[in-house]
Every structure is written in C-alpha cells, then in structure tokens.
Amino acid sequence: MTLTGDGRLRWTDGPQRSLTLEKQVLGFVVEGNKIRIRAVVDGRDEICCGGSAGSVVRKDFVFEPLSEDSKRLWCEKLRDFIDSFGRPKRLYIFVNPFGGKKIASKIFLDDVKPLLEDANIQFTVQETTQQLHAKEIVKGLDLSKYDGIVCVSGDGILVEVVNGLLEREDWNDAIKVPLGVVPAGTGNGMIKSLLDLVGEPCKASNAILAVIRGHKRLLDVATILQGLVADIDIESEKYRWMGSARIDFYALQRILYLRQYNGRVSFVPAPGFENHGEPSTYSEQNICNPIPSQQQPIKILQHGYQGPDVDLKNLEWRIINGPFVAVWLHNVPWGSENTMAAPDAKFSDGYLDLIIIKVCPKLALLSLLSNLNKGGHVKSPYVAYLKVKAFILEPGALTQEPNREGIIDCDGEVLARGKGTYQCDQKSLMSYDKLQITVDQGLATLFSPV
C-alpha cells in the first residue's frame with residue numbers, strides 16, 4: 001500500500017484498489033500489527049452488501065505494515081492528512097423523536113451513530129421533548145465544547161437552534177458555529193437543498209457524511225411562509241401518520257375547496273426585478289408597535305441579535321395587492337424533499353426568493369402544483385417569482401369568508417394563527433398582523449457536501 005501526496009491510498013490486489021482520504025476514509029484504528037481503515041464506498045459497487053444506487057456503504061480495509069517503525073509512520077501520516085481537512089471532533093446532536101414518521105431515534109442509531117464512531121467523532125445526544133426545547137438548550141449551551149450542532153429532524157429544529165444562537169448575549173460568535181441536518185422530518189428542505197448541490201439523494205448517510213467531512217458554506221438568515229401551503233403544512237397535522245404523503249393528500253383536498261386571501265405584500269426588489277408590482281414607500285406604522293390582539297406579541301429582546309442594519313426608508317419599495325392563493329419566502333431551493341419551491345434560490349446571495357401564487361382556476365392550480373417537484377411552477381402565468389432584499393406582509397381575511405383568516409409559519413412552525421383557523425385558540429409567537437422581513441447575508445454557517 002502507498003499514500004500519495006494528493007491523499008489517495010493505493011494497493012495492488014482486490015476488486016477495489018484505491019481510496020481517497022478526503023471523501024472515503026472516515027478514520028482508522030490500530031489492531032496489533034495491523035491498521036484498519038474505516039471507509040465508505042459507493043453503494044452501486046456493493047449491491048451484495050446492502051448497497052443501492054446513490055447510497056454509501058461502510059467498509060473496512062485492513063493492511064499490515066512491514067515493521068513497527070513503518071506502522072508508527074503510517075499512523076502519523078494518516079492522522080496528519082485527516083486533521084488537515086478541518087473535520088469536527090466533537091458534536092452536539094439534537095434528535096427529534098416526534099417529527100415526520102417518528103423514526104429519528106432509529107435513524108440516529110442505524111445511520112448516524114456508526115459513521116460518527118468510524119470517524120472517531122465524540123458526540124453528545126439530546127432528544128427534544130417539546131416545542132422550543134432545542135432553542136432553550138442552545139441558549140445556555142457551552143459552545144466551546146463543540147465543533148458543531150447537528151439536528152436529526154426536519155427543518156423546524158434547525159430554526160429553533162438558529163433562534164437560540166441569536167438570542168444569546170454572545171450571538172455574534174455563537175451564530176458562527178456550523179450547523180448540520182440529517183433528514184428525519186416531514187419536509188427536510190434544507191438538507192435536500194444541500195445534497196442536491198452535488199446530485200446526492202436525500203439520505204441520512206449522505207447528510208451525516210457532509211458533517212463528518214467538514215465542508216462549510218454560509219447561509220442567509222430570514223424566511224417566512226403564508227397562505228395555501230402554510231395551511232396545508234399546519235392543518236395536515238391530523239394526518240401526520242401518513243408521513244410526507246399527508247401534505248400531498250391534504251393539498252388535493254384544499255384545491256377542491258380553494259381558499260383565497262386578501263392582503264398585500266411590499267418589497268424591495270433585487271436588481272433585475274424592478275418591473276414587479278407598483279411603486280410604493282416604506283412606512284413603520286404597525287411594525288414596531290403591532291395592533292393589540294388577544295395574543296401577546298413577541299417580546300422585544302434586550303440582548304442578542306437585533307436584526308440587520310438596513311436603512312429601509314431610503315430603499316425603492318414596490319407593492320402587490322391581493323387576493324392571493326399563497327405567498328412564500330425562501331432562501332434555499334427546496335421546501336421539502338419533493339418541492340422545489342424556489343429553483344433560483346441561493347444559500348448566501350443576500351436575497352430572499354418571493355413566490356406569489358395569484359388567484360387562478362382550480363385546474364390551473366392543480367397543474368401548477370404538479371410541477372413543484374421540478375420548479376416548473378414558477379413559469380406559470382399565475383405565479384410571480386422574484387428576489388427581494390426586504391419584505392412586508394399585510395395578511396388579510398379569506399375573500400369568501402371575511403371572518404376567517406390564515407396561518408403564518410416558518411418551516412412548519414406556526415408564527416401566527418388568524419381567526420377561524422386550525423387550532424386558532426392555541427397561543428402563537430406573534431399576532432396575525434403586519435410582518436416585516438429582512439435578510440442578513442451569510443449570517444449562519446452550515447455543514448455542506450461542498
């Protein structure tokens with residue numbers, strides 16, 4: 001066996017005769033006179049061992065150096081090479097046992113833990129027990145003990161972690177802690193977007209390997225959803241036993257009984273999108289001081305992140321009036337594993353992708369939604385798709401039922417429930433009222449396959 005200068009192990013016998021340290025080698029252990037290499041190989045080459053197309057399979061390779069000095073030198077060179085990749089050595093891991101099909105704990109034990117152990121990564125595991133549990137833990141976590149935080153969950157726990165980091169007094173340093181996601185929820189849009197960058201399927205093994213390898217990328221912080229898909233996401237909770245299929249099932253029900261919402265959206269368009277909407281001006285009315293409601297508005301933080309420093313008054317605002325079927329804001333392409341909501345979205349371009357579905361016939365809406373898996377819906381004449389730097393939502397009531405309102409959510413977690421909505425008697429973080437959204441470019445950091 002030889003170790004080349006570009007980090008490749010080569011040998012002369014057997015069906016596989018090389019491994020790349022950066023991509024395939026996780027770690028190694030010494031066993032007497034032998035060295036055992038812990039690696040992953042392409043599942044297509046290991047069909048007989050449980051592999052499949054697009055998957056990876058754990059595999060060990062054992063070799064025996066010719067002398068004790070040779071063994072010591074091999075260990076030194078292998079360790080130096082692996083350390084040079086900047087991989088994490090200690091991780092804090094959240095497991096949400098209630099998300100999706102409620103199999104996060106099994107995914108951790110079967111797919112995540114073995115690969116972390118092969119890579120000699122130490123980890124602390126915490127199962128979440130209730131909503132906002134992860135956020136509260138992160139707010140008080142000693143981050144100096146860890147090289148990253150991983151969420152074995154859907155996108156909701158990741159949002160909690162980001163909010164927890166930003167509510168700390170040391171938020172400016174805390175938000176730089178790399179974050180990873182392993183798909184175990186209903187939507188899994190963030191990790192789908194990351195793995196899609198390199199054409200890898202959205203599988204737990206691929207996701208945790210992206211963490212182990214230690215590559216990172218920046219992420220813009222800000223997103224909000226409102227309208228049809230928000231209602232589908234939240235109201236379909238009664239069908240949670242169906243897994244991700246519940247969203248498709250409930251979407252069909254909702255198309256048959258289509259809702260349309262009054263309201264308006266104001267936005268600062270990115271360059272090249274100035275032709276959308278009509279000219280407008282910025283007004284702080286009802287943003288800093290929300291209209292009182294039966295629900296308590298979110299508390300103004302006395303410490304922690306206060307939002308991006310943007311002079312909104314002097315920006316070029318535009319406005320689009322309803323009625324709408326749905327309004328989305330995205331900062332990554334995929335909203336779930338089978339929904340490419342914003343095909344042109346970038347992780348850290350400093351803009352949010354705004355998707356507005358206008359009032360349209362039911363058959364047109366069905367055709368539009370059937371193209372969500374490839375992003376083709378944005379070409380529909382009933383869809384406005386643009387990039388924005390800042391955004392204001394003024395949500396309204398249903399056009400058909402003025403006494404009923406909608407739901408505003410962020411990655412499936414409810415921010416506000418309007419009158420007459422699903423579980424509207426439950427306490428929400430915000431009131432169903434005017435909302436302002438701005439984006440902070442590259443504020444957070446993600447573990448990424450590239």
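Cut-off values and rules
Residues numbered from 1 in each chain as written. Predicted model: local features only at pLDDT ≥ 70, side-chain atom pairs only at ≥ 80, totals over all residues. Heavy atoms only, no water. Helix = DSSP H or I, 4+ residues; strand = E, 2+ residues; numbered from the N terminus. Contact = heavy atoms within 4.5 Å. pLDDT = per-residue confidence, 0-100. Patch = residues over 30% accessible without salt bridge, like charges linked within 9 Å, V, L, I, M, F, W, Y side chains within 5 Å. Areas by Shrake-Rupley, 256 points an atom, 1.4 Å probe, with all protein chains shown as cover. Salt bridge = Lys/Arg side-chain N within 4 Å of Asp/Glu carboxyl O. Pairing = 2+ DSSP bridges. Axes fitted to C-alpha atoms, helices over the stretch in contact; angles between N-to-C directions. Core = buried A, V, L, I, M, F, W, Y, C linked by side-chain atoms within 4.5 Å. Buried < 20%, exposed > 50% of the residue type's maximum accessible area, 1.4 Å probe, protein only. Expected span 1.5 Å × (residues − 1). Phe/Tyr/Trp six-rings, centres within 6.5 Å; stacked < 30°, edge-to-face > 60°.

- Under an unreviewed UniProt entry, the name given to the chain is Sphingosine kinase 1, and the organism recorded is Citrus sinensis.

**Details of the overall build of the chain**
Moving on, step 1. Assigned secondary structure in the chain consists of ten helices and 22 strands.
Moving on, step 2. By sequence separation, contacts in the chain at least 24 residues apart represent 73% of the contacts at least 6 residues apart.

**Topic: the confidence of the model for the chain**
Moving on, step 1. Summary statistics for the chain give a mean pLDDT of 85 and a share of 85% for residues scoring 70 or more.
Moving on, step 2. Contacts from residues 223-230, a stretch scored under 50 in pLDDT, to residues over four places away or in other chains number 42 contacts.
Moving on, step 3. Note on residues 232-257: pLDDT is under 50 here. Beyond four places in sequence and across chains, it has 56 contacts.

**Considerations on a nonpolar patch on the surface**
Moving on, step 1. A cluster of nonpolar side chains, namely Leu-197, Val-198 and Val-450, defines an oily patch on the protein surface of about 220 Å² accessible area.
Moving on, step 2. By the secondary structure assignment, Val-198 is in the loop between helix H6 (189-196) and helix H7 (204-213).

**Quick notes on the sheet that holds strand E6 (residues 56-63)**
Moving on, step 1. Taken in spatial order, the three strands make up an open sheet running E4-E5-E6, and their pairing is antiparallel. The outermost strands of the open sheet, each flanked by one partner alone, are strand E4 (25-31) and E6. Shown here is a sheet whose adjacent strand axes are inclined to one another by a mean of 25°, direction ignored.
Moving on, step 2. Of the strands in this sheet, E4, strand E5 (34-42) and E6 are in contact with H7, which crosses E6 at around 50°.

**So, unusual backbone geometry**
Moving on, step 1. Following Gly-322, the chain continues to Pro-323 via a peptide bond in cis, the omega torsion being 10°.
Moving on, step 2. Backbone geometry at Leu-132 places phi at a positive 70°, although glycine is not the residue there.
Moving on, step 3. Structurally, Leu-132 is set in the loop between strand E8 (122-127) and helix H3 (133-140).

**A look at the sheet that holds strand E2 (residues 8-10)**
Moving on, step 1. Strand order across the open sheet formed by three strands is E1-E2-E3, with antiparallel pairing between neighbours. Pairing within the sheet leaves two strands with one partner each, and these edge strands are strand E1 (2-3) and strand E3 (18-20).
Moving on, step 2. In this structure, E1 lies alongside E2, joined through two bridges in antiparallel fashion. Each bridged residue has a counterpart across the sheet, and for Leu-3 the counterpart in E2 is Leu-9.

**Overview of the nonpolar core**
Most often, soluble globular proteins have nonpolar side chains that are buried together.
Moving on, step 1. Counting 58 residues, the largest nonpolar core has Ile-149 and Val-161 as its most contacted members.
Moving on, step 2. Not counting chain neighbours up to four residues away, the residues in contact with Val-161 comprise Phe-94, Ala-134, Val-138, Ile-149, Cys-151 and Leu-179.
Moving on, step 3. Val-159, Ile-320, Ala-384 and Ile-408 belong to the second largest nonpolar core, which has 26 residues in total.

**Examining the environment of Thr-12**
Moving on, step 1. With respect to the helices, strands and loops of the structure, Thr-12 is situated in the loop between E2 and E3.
Moving on, step 2. Along the backbone, Thr-12 and Thr-2 are ten residues apart, and their C-alpha atoms lie at a distance of 9.6 Å.

**What to know about helix H1 (residues 68-83)**
Moving on, step 1. Here H1 is 16 residues long and its end C-alpha atoms lie 22 Å apart, about the 22 Å a rise of 1.5 Å per residue gives.
Moving on, step 2. Tucked into the core, H1 has its buried residues touching E1, E2, E4, E5 and E6.

**Brief notes about the packing of aromatic side chains**
Moving on, step 1. In total, this model carries eight aromatic pairs according to the counting rule given.
Moving on, step 2. With 6.3 Å between their ring centres and 45° between their planes, Phe-81 and Phe-85 make a pair best called tilted.
Moving on, step 3. By relative accessible area, which is 23% here, Phe-81 ends up partly exposed.
Moving on, step 4. Measuring from ring centre to ring centre gives 5.3 Å for Tyr-92 and Tyr-146, while their planes differ by 80°; the resulting arrangement is edge-to-face. One end of the pair, Tyr-92, is in strand E7 (residues 90-95); the other, Tyr-146, is in the loop between H3 and strand E9 (149-153), and 54 residues separate them in sequence.
Moving on, step 5. Connected via pairs of aromatic rings, a cluster forms that spans Tyr-92, Phe-94 and Tyr-146.

**Digging into the pattern of salt bridges**
Moving on, step 1. Enumeration over the complete set of coordinates arrives at 19 salt bridges.
Moving on, step 2. Among the charged side chains, a salt-bridge network with shared partners connects Glu-31, Arg-36, Arg-38 and Asp-60.

**Focus on the pairing of strand E20 (residues 413-417)**
Moving on, step 1. Of all five residues making up E20, four are buried, and the element is well covered by its neighbours.
Moving on, step 2. Across four bridges, strand E19 (residues 407-410) lies against E20 in antiparallel orientation. Note that in E20 the partner of Cys-410 across the bridge is Glu-413.

**Some points on the pairing of strand E16 (residues 324-330)**
Moving on, step 1. For E16, the buried fraction is high: seven of the seven residues fall into the buried class.
Moving on, step 2. Pairing of E16 with strand E17 (residues 352-358) involves six bridges; the strand directions are antiparallel. Each residue of the ladder has a partner; that of Phe-324, found in E17, is Lys-358.

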